[in-house]
Number of protein chains: 2
Amino acid sequence: MAVYLHDIPLSQAKDIFQQALVDAGLGGVLGEEEMEVSVELLGRVLSRPVWAKISSPHYHASAMDGFCVRADSTNEATLTHPVELLVGEQAVYVDTGDVIPAGFNAVIQIENTEPLDAGNHISEDVRNPDKIRIRASVVPWHHVRALGEDMVATELVLPAGHTIRPVDLGALAGSGHVRVHVSRKPKVAVIPTGTELVEVSQEVRPGDIIEYNSLVLAAQVKQWGGNATRHSIVVDDKEQISRVVEEAAKTHDMVLLNAGSSAGSEDFSATVVGELGELLVHGIAVRPGHPVILGMLDGGGGRKVPVIGVPGYPVSAALTGEIFLEPLLAQWLGRQPHSPDMIEAELTRKVTSPAGDDDYQRVVVGKVGDRVLATLLSRGAGVLSSLVKADGIAIFPSGSQGKAAGEKVNVRLYRSRSEVDKTIFVIGSHDLTIDLLAQYISQEGFRITSANVGSLAGLIALRRGESHFSGSHLLDPETGEYNFSYIKKYLPGIKIRVVGMVKRQQGLMVPKRNPKGIHSLEDLVRGDVVYINRQPGAGTRVLLDYQLDKLGIAVENVNGYAQEEYTHLMVAAAIASGRADCGMGIAAAAQSMGLDFVPLYEERYDLIVREEYVESAYFKAVLNILDNENFKEDILALPGYQVDDIGGTLAVLE
Amino acid sequence: MAVYLHDIPLSQAKDIFQQALVDAGLGGVLGEEEMEVSVELLGRVLSRPVWAKISSPHYHASAMDGFCVRADSTNEATLTHPVELLVGEQAVYVDTGDVIPAGFNAVIQIENTEPLDAGNHISEDVRNPDKIRIRASVVPWHHVRALGEDMVATELVLPAGHTIRPVDLGALAGSGHVRVHVSRKPKVAVIPTGTELVEVSQEVRPGDIIEYNSLVLAAQVKQWGGNATRHSIVVDDKEQISRVVEEAAKTHDMVLLNAGSSAGSEDFSATVVGELGELLVHGIAVRPGHPVILGMLDGGGGRKVPVIGVPGYPVSAALTGEIFLEPLLAQWLGRQPHSPDMIEAELTRKVTSPAGDDDYQRVVVGKVGDRVLATLLSRGAGVLSSLVKADGIAIFPSGSQGKAAGEKVNVRLYRSRSEVDKTIFVIGSHDLTIDLLAQYISQEGFRITSANVGSLAGLIALRRGESHFSGSHLLDPETGEYNFSYIKKYLPGIKIRVVGMVKRQQGLMVPKRNPKGIHSLEDLVRGDVVYINRQPGAGTRVLLDYQLDKLGIAVENVNGYAQEEYTHLMVAAAIASGRADCGMGIAAAAQSMGLDFVPLYEERYDLIVREEYVESAYFKAVLNILDNENFKEDILALPGYQVDDIGGTLAVLE
């Protein structure tokens, strides 16, 4: 009963789709409309080349306020032997932009003329004296803007397919155009389907999925030059979906049918497309996003309307837009498809990639020292935040099985290179104050990208030169001191500065009102208590292990010790959802998920940076923020935080 | 009586303006408004950071269609020893996205389950059988999207100052936001002034200037996130201008007063600003654009309204927008100002620059072989087409007097680097078919930038490696052959291919109906005939000199021989405007300016390319177009053209 997708290569899918478009007469510009040369033209695409109708200037124009003269009448003039010219006959006053009268061929700036009256006295009327006296000669066409200096009639002003920018409006108007032809905007219907979906404005209950793919797709259509109509949510009912799609095809140039494109029990998209027209492709070997449907609907009157069945996972949906929607809109508008800037970057981690798929991996890209680095973000097709945070996409083509750490990849950038230059990698332990720092530093034009890998992994990233700085709270059981001994051990021979950030409370996060009465680590061995742990190398894990050891509790006796999460917030979330009864973490994380908190220990959370970067622009910006009173107040508003050492140098180690 | 501007350095002007803004309480975000999370948010700037209100997913969700199970209940299952689970008790069917019921912690894909009825036969009802049989164990959280996998409540989703893109809409909605706060759009009044101005839709007569600066400025405001109101043209009358500015200040956040910013007799802007408020700056040492006015108006009720007096020359106006308007709008919106991508390029020519000014030179940038080259476009402040054609701006800072050819400059790019990689430099003789080629090749994603320097200078540019190919029509008087002997002489040791383009008619362009009855070169020595010439090295100049020599006419006897223009069209324009009575050129140029044409000679116009580039992507695209029937037809529609040799190789020379 289940339909299994047969994935075909991306290039083949594109070819099939393109051929179907060409066959349907939809391979080029959809149509054009005439529009006035006005601000409304901004961003529109010219459907015809524009040739200058008139020259600009369309007459010989004065480039200065002054007197028109015949250049040869000035030949004799020198500082000591001035020449006098009769106004009206030998000289005529012009303002900038005025026509050079017939018979004249140069302009002398008014500042370089002496106005004289009939009696050879200085005249008050500088613009209309009887004579002018000049003390220098001028060459022909001096201070004259010749006809056509800017554009000559019949010359190409802008080619067809050009997207209009502000200055282009000037060139169009200046070359005599009142109206121009632009490609008409393709009309795209966006239809979200799914019984589990709720509109953005509705309240959500468990099992409800907030429907936002249609927003993303409609915004993509708008951004890329089309007009989107967003339909309200259609429940998973084949007849209803079919009716809505059929209606949409009648009034649109394209239909985006979101979700139901897979092969599940309630995935009707392929069937609907097949019944209403032709199902061309179902399943493409691209990841994420493989359950894409491409088809051609009947729009009535023999009109064909392409349809894309867009997968439901948000990353898949957005990438489907980039892969299929953008180039098609470009084609219909007659403009070039976007060609993102590429940057070569070094992978910080080994990447495995399915050999059969074109694998679109989201990466952050930043420059640490002289190296341009690319770090993979989450690969989950459901993790939209990975696309929000991404600086670009590294494509691992079908046939490749990935790359080793240190290998180069080409990244298609979402941001400009200058923005990438302002990316700050913060790899290490997570703390909410790093998010706060990210907010503050964004005002300075920098962008923090944090990878929450735990304190120890953060130090190792710093050693490898893969991060700009790191947050760390590693307790040394021998000394009770934080971080220093670990830095000496893991970053030998590298000069490192430890900068104070916060002191914060560690303790046990428990559900609201602490139903199981958990008050200390001793409770973790109770049969009714399930713990959720942090990963090895996390400062919190080090702290737990240290304290359990001190209390003589064997980790084998802690139920759930093997369950690991990578951040405080993920531990808090696990407790909030009932997956565990308690976990160690910080008070702020507990509060953020509505949990109670049993305070146990105070610890230091420091920033760790290579000494060589302390004077760099980005770290200066960090230090400035640490010194900012508003920033400190915002931290103190979080529960369990102290900022006594913030911004101070706690140690310089080598 | 005349007011003289006192230019101050740009940085000082910016400081004064900024201080005045801060003093007026206008140094930051102007205000905010709450908007629904919808497509309308696209391009808006967040005025507050957005923290996740709910986690995404906000419950543990199935990542597959299949059966929820307890992972430990599957531990024993192997291929040969399957485990059976009771549906309802030990296994529950879920669709992708469904809630994982309490007590379950993993999902087995439906494809990996065998549905059984009570009698252990295969059940038809795959989603609700009595039991399922499984043949593999699963680990906890297998195929489960854990609560917060994408975003955890309280985490930073997007910082304040972020400009919203399509994917961001998904992240906002997915993290529980129905409405968000964005910066309100600054309201900017654009007021064009000038008695000589006419609206775009009006017919123009000599002396009329088409008013398009307000379009460019209003479009800049729109592009950079503001709302512009464009006022109709105000004549040069101080009272009228003052009234309009005063009104505009009452209802806008900023006023752009276009032109009248200089110190001419009808330049009232500075006076008006001074009378209605405070004149802060009049004259900035920046070129083009130095007569900028910065001031602060009174908007009523103590409200301050900044005003920029924008210079009248179109390049100055557009650059004033980039220098002052864009950063101010960024500040008011709370976003970062645009930081254009920079590219380092080699100057193809010596550049002199006034030492006292920050000199903004428009350049085209392209990659020829391995070198990134920057070539200056016209410096005239009236030459808007230079800004339309520019790939970027090279700034020669005050204090610098320019740079030598071959020196490196940093260019602020208007286009992406990938677009720059598709720029084709065509330097040499101009022909209308090069414009036509530019139009055709733009459809292939390439962009032709042509510099019309004449045939010989084109060959020299090719030798220096400064162009991708060249157009040339240099007649060898010895052989009557075109181009070959020049290539051997000027490009020795370089393998060059000569590709056929067109044969075209050269002759004398004369005013309509040939009022002076000019029929041959012999007429050029008549006392009543003024000739206009091409520059030395132009193929047309070579042809003229050759023919005059053959006829035994001394160039001294040709009246106007010393008047030189750089293109056919400029020669035609000179004749059309009455500057000269005739000039040699091509039939198409004559036709384009409404001139008559006296055909005299037929000549070959070839494309010259380095052999090493013949197989490059750009030249293949050129050859494809030369082979395109539509292209040939378009050429043949021009008067006096033949395309017999088009696309063929005429010679390969070394």
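Reading the values: the criteria
- Residues numbered from 1 in each chain as written.
- Chains lettered and ligands numbered in written order.
- Predicted model: local features only at pLDDT ≥ 70, side-chain atom pairs only at ≥ 80, totals over all residues.
- Heavy atoms only, no water.
- Salt bridge = Lys/Arg side-chain N within 4 Å of Asp/Glu carboxyl O.
- Helix = DSSP H or I, 4+ residues; strand = E, 2+ residues; numbered from the N terminus.
- Buried < 20%, exposed > 50% of the residue type's maximum accessible area, 1.4 Å probe, protein only.
- Polar contact = N/O pair within 3.5 Å; in protein donor to acceptor, adjacent residues only side chain to side chain.
- Contact = heavy atoms within 4.5 Å.
- Least-squares fit on C-alpha atoms with pLDDT ≥ 70 in both.
- Pairing = 2+ DSSP bridges.
- Phe/Tyr/Trp six-rings, centres within 6.5 Å; stacked < 30°, edge-to-face > 60°.
- Axes fitted to C-alpha atoms, helices over the stretch in contact; angles between N-to-C directions.
- 1 Å grid on protein atoms, 1.4 Å probe; cavity = no way out; pocket = protein on both sides within 12 Å on 5 of 7 lines; lining within 4 Å.
- Points joined across faces, edges and corners; volume = space filled by probe spheres on them.
- Arc of directions from axis to C-beta.

Visitor: Go over the pattern of salt bridges, please, and point to the residues and values.
Guide: Taken as a whole and assessed by the stated rule, the structure comprises 82 salt bridges over all chains. Between Glu149 of chain A and Arg145 of chain A there is a salt bridge, and its shortest N-O distance comes to 3.0 Å. Between Arg415 of chain B and Asp391 of chain B there is a salt bridge, with the nearest N and O atoms lying 2.6 Å from each other. In this pair, Arg415 of chain B is assigned in the loop between β28 (408–413) and α8 (417–420) and Asp391 of chain B in the loop between α7 (384–389) and β26 (392–396), connecting sequence segments 24 residues apart. As far as the burial class goes, Arg415 of chain B and Asp391 of chain B line up, both buried. Each of Glu84, Glu114, Lys131, Arg133 and Arg135 of chain A takes part in a single network of salt bridges with overlapping partners.

Visitor: Talk me through the side chain of Thr113 of chain A; I want residue IDs and the actual numbers.
Guide: Residue and element names in this part refer to chain A. With respect to the helices and strands, Thr113 occurs in strand β8 (residues 113–116). Engagement of the side chain of Thr113 in a polar contact is seen with the backbone oxygen of Ile110, the distance being 2.8 Å. Leaving out residues up to four positions away in the same chain, Thr113 has contacts with Phe67, Ile108, Ile132, Arg133 and Ile134.

Visitor: Can you explain the relation of the copies chain A and chain B? Please cite residues and give values.
Guide: The two chain copies are related to each other by a rotation about an axis together with a translation along it. Between chain A and chain B, the superposition needs a rotation of 180° and an axial shift of 0.0 Å, giving an RMSD of 0.1 Å. With respect to symmetry, the two chain copies, as superposed, fit the operation of a two-fold axis. For chain A, the smallest separation between a C-alpha atom and the rotation axis is recorded for Ser416 of chain A, amounting to 4.2 Å. The share of interface residues of chain A whose copies in chain B are also at the interface is 100%, consistent with both copies meeting through the same surface.

Visitor: Kindly report on the pairing of strand β13 (residues 187–192) of chain B, identifying the contributing residues and their values.
Guide: Residues and elements named next belong to chain B. For β13, the tally of buried residues reaches 5 of 6 residues, placing the bulk of the element in the interior. Here β13 runs beside strand β17 (residues 254–258); their pairing, made up of 5 bridges, is parallel. By the bridge assignment for β17, Ile191 is matched with Leu257.

Visitor: Got a sec to walk through the packing of aromatic side chains? Specific residues and values, please.
Guide: Given two aromatic rings, one states the distance between the centres and the angle between the planes to describe the pair. Residue and element names in this part refer to chain A. On inspection of all chains with the given rule, the structure shows 12 aromatic pairs over all chains. When the centroid spacing of 6.4 Å and the interplanar angle of 80° are considered together, the rings of Phe17 and Phe324 count as edge-to-face. Residue Phe17 is found in helix α1 (residues 10–23), and its partner Phe324 is found in helix α6 (residues 314–333); the two are separated by 307 residues along the sequence. Considered together, Phe17 and Phe324 belong to a single accessibility category, that of buried residues.

Visitor: Got a sec to walk through the sheet that holds strand β21 (residues 304–310) of chain A? Specific residues and values, please.
Guide: Hydrogen bonds between backbone groups are what pair the strands of a sheet, and the pairing can be parallel or antiparallel. Residues and elements named next belong to chain A. Reading across the sheet, the 6 strands line up as β16-β13-β17-β21-β20-β18 and stay open at both edges, with mixed pairing between neighbours. A strand with exactly one partner marks an edge of an open sheet, and here the two such strands are β16 (227–230) and β18 (277–282). The average angle at which neighbouring strand axes cross in this sheet is 20°, direction not considered. Looking at chain direction, strand β13 (residues 187–192) and β16 are connected through 4 bridges and run parallel. Each residue of the ladder has a partner; that of Val190, found in β16, is Arg230. Strands β17 (254–258), β18, β20 (293–298) and β21 of the sheet are contacted by helix α5 (residues 269–276), whose axis makes an angle of about 140° with β18.

Visitor: Tell me what's going on with empty space enclosed by the protein, and back it up with residues and numbers.
Guide: All names here are of chain A. Across all of its chains, the model carries 1 cavity of 30 Å³ or more by this definition. By volume, the largest cavity amounts to about 60 Å³. Along the walls of the largest cavity sit 13 residues, with Met501, Val502, Lys503, Arg604 and Asp645 positioned nearest its centre. Counting only elements with at least two residues in the lining of the largest cavity, the list comes to β32 (496–510) and β36 (596–610). A per-element tally of the lining of the largest cavity places β32 first, with 4 residues.

Visitor: Lay out the sheet that holds strand β5 (residues 83–86) of chain B in plain terms, naming residues and giving numbers.
Guide: All names here are of chain B. Spatially, 3 strands are ordered β5-β9-β8 in an open sheet, and the strand pairing comes out antiparallel. At either end of the open sheet lies a strand with only one pairing partner, and these are β5 and β8 (114–116). Across the sheet, the axes of successive neighbouring strands diverge by a mean angle of 30°, strand direction being ignored. Here 3 bridges tie β8 to strand β9 (residues 131–134), and the two strands are oriented antiparallel to one another. Residue pairing in the sheet places Glu114 in a bridge with Arg133 of β9.

Visitor: Run through helix α16 (residues 629–636) of chain A, naming residues and quoting values.
Guide: Residues and elements named next belong to chain A. Here α16 has its buried residues at Phe631, Lys632 and Ile635. Along the axis of α16, the buried positions cluster into a sector of 100°, meaning they face one direction only. The secondary structure elements touched by the buried residues of α16 are α9 (432–442), β32, α15 (617–626) and β37 (641–642). Its side-chain oxygen 2.8 Å from the backbone nitrogen of Asn630, Asn628 forms the N-cap of α16.

Visitor: Tell me about the side chain of Arg145 of chain B, and name the residues and values.
Guide: By the secondary structure assignment, Arg145 of chain B is in strand β10 (residues 144–145). Residue classification places Arg145 of chain B among the buried residues on the basis of a relative accessible area of 14%. Polar side-chain contacts of Arg145 of chain B include one of 3.0 Å to the side chain of Glu149 of chain B. Residues in contact with Arg145 of chain B, not counting those within four places in the same chain, are Tyr313 and Gly382 of chain A together with Pro57, Tyr59, His60, Ala61, Ala63 and Asp150 of chain B.

Limitation: the analysis is restricted to geometry and does not speak to function.
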